[in-house]
Amino acid sequence: INNVCRRTVLREWIDFGDMHKVHRLFGIIVGIETMFHSFFHMLRWGLNADIDLLWKTTTGISGLVAIYITPLICCPMVVPAIKERLAFEVRKGLHYLSIVWAITLLFHSKSRIYYLIGIPALMYSVDYLFG
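Here's what I pulled together on the structure shown here. Residue positions are given per chain, counted from 1 along the sequence in the order it is written. In keeping with the predicted nature of the model, local features appear solely for residues at pLDDT of at least 70, side-chain atom pairs appear and are counted solely at 80 or more, and the whole-chain, interface and lining totals rest on all residues. Heavy atoms throughout the structure, all of them, feed into the side-chain values; hydrogens and water do not.

### Some thoughts on the packing of aromatic side chains
Between the rings of Phe, Tyr and Trp (Trp by its six-membered ring), a pair exists once the centres lie within 6.5 Å; its type follows the angle of the planes, with under 30 degrees stacked, over 60 edge-to-face, and the other angles tilted. What the rule picks out here adds up to two aromatic pairs. Ring centres of Phe 36 and Phe 40 lie 6.4 Å apart, and the angle between their planes is 10 degrees; on these two criteria the pair is classed as stacked. Residue Phe 36 and its partner Phe 40 are located together in helix α2 (residues 19-47), separated by four residues, close to a single helical turn. You can call Phe 40 partly exposed: its relative accessible area is 46%. Summarising the aromatic geometry, the rings of Phe 39 and Phe 40 are spaced 5.0 Å apart at their centres and angled 80 degrees between planes, so their arrangement reads as edge-to-face. Classification of Phe 39 by relative accessible area gives partly exposed; the value is 46%. Only DSSP runs of H or I reaching four residues or more are called helices, and only runs of E reaching two or more are called strands; each is numbered from the N terminus. Working definition: with a 1.4 Å probe on protein chains only, accessible area under 20% of the residue-type maximum means buried, over 50% means exposed, and in between means partly exposed.

### Remarks on the nonpolar core
By nonpolar core we mean a set of buried residues, namely Ala, Val, Leu, Ile, Met, Phe, Trp, Tyr and Cys, connected to one another through side-chain atoms within 4.5 Å. Ranked by size, the top nonpolar core spans eight residues in total: Ala 66, Ile 69, Ile 73, Trp 101, Ala 102, Leu 105, Ile 113 and Ile 117. Taken together, the elements giving at least two residues each to this core come down to α4 (58-78), α7 (97-106) and α8 (113-130). Note on definitions: a residue-residue contact is assigned when non-hydrogen atoms from the two residues lie within 4.5 Å. With residues up to four places along the chain from it excluded, the contact list for Ile 117 reads Trp 101, Ala 102, Leu 105 and Leu 106.

Spelled out as structure tokens, the structure:
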């Protein structure tokens, strides 16, 4: 996949030669997007007096789990003050919460979520097992 990405126009903005940088960049993007996505859903549900959807539906519950887990995954890797205070082993252990995050999001929506989360998770798993 790395070699395919290096042949696309994306190479103009993303250095696919350093996969750690790519992973970090996309981790930051996913962390920010998760927070914005969650905030605006809760704002909409609150304004429409539907906030109970947050704890009465599979979508709401899985979203709550994701919004609680996301900072535990992202912040120790990105925020310098946290990164300096936590040992690498602790940060790596927290990063494994991404497995729980991915499984949780598989239940978040009935639409394309299996492709958006399942395929990258499968690719990571195959790379981890055989890489």
